[in-house]
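One letter stands for each residue in the lines below.
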Amino acid sequence: MKFVDELKFNIRAGRGGDGVVQFHREKFKPRGGPSGGDGGNGGDVFVRAVRDSSLLSKYANNQNFAAENGVAGSKNSMHGRNGEDLIIDLPLGSFVTNLDTEETFDLINDGESVLILKGGHGGLGNEHFKSSVNRTPQEFTRGKVGQNARFSIELRIIADAGLMGLPNAGKSSLLNELTNANSKVGDYEFTTLSPHLGAMYGYILADIPGLIEGASDGKGLGHKFLRHILRTKILLHCVSMENEDVMESYNLIRREITDYSEELGDKLEIVVLTKSDLVEKSELTAILKKFKAMKKEVYVTSVYDDESVKNLRDFLIKKFKTFEV
Ligand SMILES: Nc1nc2c(ncn2[C@@H]2O[C@H](COP(=O)(O)OP(=O)(O)OP(=O)(O)O)[C@@H](O)[C@H]2O)c(=O)[nH]1
Ligand SMILES: [Mg+2]
């Protein structure tokens, strides 16, 4: 199934039911008073956060939603039934914008529901219009229309750390080693086409497609997915030791993410030098020195060296804990 992370919805809350004109009809009492009941209220619309990052694809074929209308009142002062509320489930991390009012809603807590549109009030039946001078009122009011609007839904995955870097840097391989994930690995660029998540002792890591030069201006795939790492606490910047010029590869991605957003540029970044098995120790030492001089926290990994992966995992867990206190 295609990964969907942005959609536009047309949503309408329910219309209120109309009030009605009715009179009491009883034996031997031919001219009973007014008894027209009120209409029920139209249903409200809520969005609810659900822990399922693939959920938006379910809505790919239908983006029109409406809550139920209220039912008209009836005789004997009976209220019409209220319309049922509509609850639209969205993936946790959805950023919802009412495009008509520019109001925004951020679904960041699992199970949280937020009211986004109010249903219309039901109309009044004729019994409300009875007075000493008018015992047979013919007045009633119609139900009010519910609110309606166009919405954009944008998923911003909530993860504790995000893996980013050039295509083929070994991000998915590392995600698979660090977590329970089974992200596709390939010896070519753009193996990963959509974000993948993996869990590591309850912490979530996100792997996004590779970034290329110009990504912040929309080149390649990665920029579309940069927003998914906006909310993470830590960026794991994967730089492959395979690169001719490791520092330049690193700087290229730094430029892209700072151009994309200052917030992303300011995020805590851990440099992960991947595929360390492919180079001589001396080369590694020289590169490490350069990052240390920049006061960067650096980890060296290879998927063929379990110890290196374990060290990074232990470090991350310790780091995540410091965010919790
Ligand atoms: N020698 C060696 N090869 C590795 C290592 N990690 C990954 N690779 C290889 O590098 C290639 C790319 O790995 P991926 O994990 O798919 O890289 P990626 O960064 O996710 O790539 P994209 O999704 O295309 O951006 C694959 O052929 C992997 O087998 C490593 O530590 N050592
Ligand atoms: Mg990948």
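In case you missed it, the structure is sitting above this.
Since we're looking at a predicted model, the values are computed, not measured. (Residues numbered from 1 in each chain as written. Chains lettered and ligands numbered in written order. Predicted model: local features only at pLDDT ≥ 70, side-chain atom pairs only at ≥ 80, totals over all residues. Heavy atoms only, no water.)

## Section: the coordination of the magnesium ion (ligand 2)
At the metal site, the magnesium ion (ligand 2) is ligated by S172 (OG) and T192 (OG1), and these contacts range over 2.0 to 2.1 Å. Within this pair, whereas S172 is found in helix α1 (residues 171–178), its partner T192 is found in the loop between α1 and β10 (196–200), the two being separated by 20 residues in sequence. Each of the two residues, S172 as well as T192, counts as buried. (Donors = N, O, S within 2.8 Å, 3.2 Å for Na, K, Ca; no water. Helix = DSSP H or I, 4+ residues; strand = E, 2+ residues; numbered from the N terminus. Buried < 20%, exposed > 50% of the residue type's maximum accessible area, 1.4 Å probe, protein only.)

## Things to note about the packing of helix α3 (residues 246–260) against helix α5 (residues 281–293)
A pair of packed helices is captured by two measures, namely the crossing angle of their axes and the spacing between those axes. Between α3 and α5, whose axes approach to 10 Å, the crossing angle comes to 40 degrees. Taken as axis vectors, α3 and α5 run oblique relative to one another. Of α5, the residues touching α3 (which contributes V246, M247 and Y250) are I287, K290 and F291. Looking at side-chain class alone, the contact of α3 with α5 contains five nonpolar, no polar and one charged residues. (Axes fitted to C-alpha atoms, helices over the stretch in contact; angles between N-to-C directions. Parallel < 35°, antiparallel > 145°, perpendicular 65-115°, else oblique. Contact = heavy atoms within 4.5 Å. Nonpolar A, V, L, I, M, F, W, Y, C, P; charged D, E, K, R; others polar.)

## Focus on the pairing of strand β12 (residues 234–240)
Within a regular beta strand, the side chains point alternately toward one face of the sheet and then the other, so they alternate between its two faces. Along β12, seven of the seven residues are buried, which leaves the element largely enclosed by surrounding structure. Alternating positions in β12 separate into two faces, I234, L236, C238 and S240 on one and L235, H237 and V239 on the other, with burial throughout. Summarising the sheet, strand β9 (residues 161–165) and β12 pair through five bridges and their orientation is parallel. Note that in β12 the partner of G165 across the bridge is C238. The pairing of β12 with strand β13 (residues 268–274) spans seven bridges and is classified as parallel. The partner of C238 across the bridge, within β13, is V272. (Pairing = 2+ DSSP bridges.)

## Description of the nonpolar core
One broad trend across soluble globular proteins is that nonpolar side chains are buried collectively. Core analysis: the biggest nonpolar cluster contains 45 residues, and F9, I11, V45, Y59, I88, L90 and F151 have the highest contact counts within it. Of all the elements in the fold, those that place two or more residues in this core are β1 (6–12), β2 (45–50), β4 (86–91), β7 (113–117), β8 (148–155), α2 (222–226) and α3. With four residues, β8 is the single largest residue contributor to this core. Within the second largest apolar cluster, 21 residues are counted, among which are A161, V309, I317 and F320. (Core = buried A, V, L, I, M, F, W, Y, C linked by side-chain atoms within 4.5 Å.)

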